[in-house]
Amino acid sequence: MSSTPTGPVVTDSGTVVRDGAFGNARALSCRECGHQVPLGPHYACPECFGPLEIAYDFPAVTREQIAAGPRNIWRYKALLPVPDDIESSPNTEPGFTRLLQARNLGAALGIDTLWVKDDSTNPTNSFKDRVVACALSAAREFHAKVFACPSTGNLANAVAAAGARAGIKTVVLIPADLEKPKQVNSAVYTDSLVAVEGNYDDVNRLASEIAGEEEGWAFVNVNVRPYYAEGSKTLGFEIAEQLGWRLPDQVVIPVASGSQLTKVDKAFRELVALGLVEDKPYRIFGAQAEGCSPVAAAFREGHEVVRPVKPDTIAKSLAIGNPADGVYVLDVCRRTGGAVESVTDDEIREGILLLARNEGIFTETAGGTTTAVLRKLVETGQLDPTLETVIINTGMGLKTLDAVADSVGAAATIEPSYDAFTAAGIV
Amino acid sequence: MSVSVRIPTILRSYTGGASEVPADGATLLEVLDDLEANHPGIRARVLDDAGEIRRFVNVYVGNDDVRFLDGLKTPTPEGAQLSIIPAVAGG
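Residues numbered from 1 in each chain as written. Chains lettered and ligands numbered in written order. Predicted model: local features only at pLDDT ≥ 70, side-chain atom pairs only at ≥ 80, totals over all residues. Heavy atoms only, no water.

Things to note about the overall build of chain B
Scanning chain B from terminus to terminus reveals two helices and five strands. Along the chain direction, N to C, the helices and strands of chain B fall in the order β-β-α-α-β-β-β. For a compact globule of 91 residues, the expected C-alpha radius of gyration is about 12 Å, and chain B comes in at 12 Å, within 12% of that figure. The dimensions of chain B, computed from C-alpha atoms along their principal axes, are 35 × 30 × 25 Å. Looking at chain B residue by residue over its 91 residues, the buried ones come to 51%. Carbon and sulfur atoms make up 50% of the accessible area of chain B, which totals about 3,900 Å². Across chain B, the centroid of the 8 positively charged side chains sits 9 Å from that of the 13 negatively charged ones. (Helix = DSSP H or I, 4+ residues; strand = E, 2+ residues; numbered from the N terminus. Rg over C-alpha atoms; globule rule 2.2 N^0.38 Å. Buried < 20%, exposed > 50% of the residue type's maximum accessible area, 1.4 Å probe, protein only. Areas by Shrake-Rupley, 256 points an atom, 1.4 Å probe, with all protein chains shown as cover. Lys, Arg positive; Asp, Glu negative; His and termini not counted. Charge placed at Lys NZ, Arg CZ, Asp CG, Glu CD.)

Describing helix α12 (residues 345–359) of chain A
Helical geometry: 3.6 residues make up each α-helical turn, so side chains three or four residues apart lie on a common side. Residue and element names in this part refer to chain A. Compared with the 21 Å implied by 1.5 Å per residue over 15 residues, the 21 Å span of α12 between its first and last C-alpha is a close match. Looking at the buried side of α12, the elements it contacts are α2 (103–109), β5 (114–118), β11 (283–289), β12 (340–343), α13 (365–379) and α14 (402–405). Two residues or fewer past α12, G360 is found with a positive phi of approximately 70 degrees. (Expected span 1.5 Å × (residues − 1). Contact = heavy atoms within 4.5 Å.)

Examining the pairing of strand β5 (residues 81–86) of chain B
Along any regular strand, the residues point their side chains to alternate faces of the sheet. Residues and elements named next belong to chain B. Taken across its six residues, β5 has five buried, putting it largely inside the fold. One ladder, built from five bridges, connects strand β3 (residues 57–61) with β5; its direction is antiparallel. Looking at the pairing, V59 lines up with I84 of β5. (Pairing = 2+ DSSP bridges.)

Quick word on the interface of chain B and chain A
With 27 residues of chain B at the contact, the number on the chain A side is 34 residues. In total, chain B and chain A occlude about 2,600 Å² of area from one another, counting both sides; carbon and sulfur atoms represent 53% of this. Contact with chain A buries surface across chain B, with F56(B), V88(B) and G91(B) losing the most and accounting together for 25% of the total. Between chain B and chain A we count five salt bridges in total. E32(A) is the salt-bridge partner of R55(B), the closest N and O atoms lying 2.8 Å from each other. For the side of chain B that touches chain A, the elements supplying multiple residues, two or more each, are β3 and β5 of chain B. When the residues that make up the side of chain B that touches chain A are grouped by side-chain class, the tally is 12 nonpolar, eight polar and seven charged. (Buried area = accessible area lost by both parts, 1.4 Å probe. Salt bridge = Lys/Arg side-chain N within 4 Å of Asp/Glu carboxyl O. Nonpolar A, V, L, I, M, F, W, Y, C, P; charged D, E, K, R; others polar.)

The following block contains the structure:
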């Protein structure tokens, strides 16, 4: 492993970054080979192309310090690559979303203690506001002129909104066949929504090429991805804090690129290392749609590598056929004794209704996938129903109405009379 | 076959800063060998010790990921546009 780089942070364009711009972050470290490079707008290891991750020198952090912070992700700023004055810069202030005990859904599935971490209540109604807030901080510190992303929809919404609030130009790239509500939810915030004729992996490739050519662009999930990805740790931090500073036994998390799942695991390990929670075993499970399940397939077949697929599923926010963190999802789920499972589109629709009708939470197709996988894990004996379990709802059902529009509707259409009502057999 | 190869930022130290370079070869492997002859060291960045494409590198011939084609044996027709792109983006 190379030694830790020192000295001021300077970007390729010669911009000198201010002291403390990235808080307690120390360097970028390759997850594959350990090679370290100075903090900068970089995402791939120059030695092996492996993903660069933030390495920190954490100070002592106490529960009291965190609890005294704002009711958003910045309460954990000491554990993120952001400056100490992050709250003073305009951002969407995401996070500290509700952790709901799901008694009805637990009873329906035979799980003793079940919680839903409901990230649909974030400012643009998905967990993406968390990661984008961290990416926005990095973009600001690198003096980026354009804030951009390739997206399956939710990310585009979050980038467009955060950029508007921060007063930075945004460009968001999406697959042209994306659900209309997700397109509108971006276009209201930005005049530069670009619909690309291709699937998400095509859009992602295009973004990587643009990021390599254009100066001063911060692509949240490309060249500032190491900073962006750290934002997902806050899901893990909040789950632990909201449970009373302890880790759950089991967590079920949807898998698109796989970044979120690996960062929740990283969050749990950091909390243990900092002495903020007691060390204990926990199991992490990944949820995919069968029409785009390269990680679940690799898990099932015992493979170490993830073979890319061409997505075909209603769960468009999970439709990444070549997931960047897929191999690390395999590592985490195998190390913790979890699993990666997949469900069909029909099961995803059932999952949406299962969560809605039992808990009053309207999730999008990703959450339907997670809920359906939870049910499958119980039915197949892979998840222990006597252990405390958390599922993460990453997004809002109003963005994917089409998925269930044909499954639900008026139970009866009647004349406005009491006789007609009783005849309809509603009660 | 004469083709054009787009070079990612982190490999441009091998191409004198060029973002696109010409190369010859009837297959991807032959193109990489030709790149190596003209830009020594670049092959080992794209291929691992076993001679396979590194798992965090995507290579495209035209618009197609070679993992969906014939990998290193993928034909590279005259005038083809190849792209080497880091795989750790997205999500």
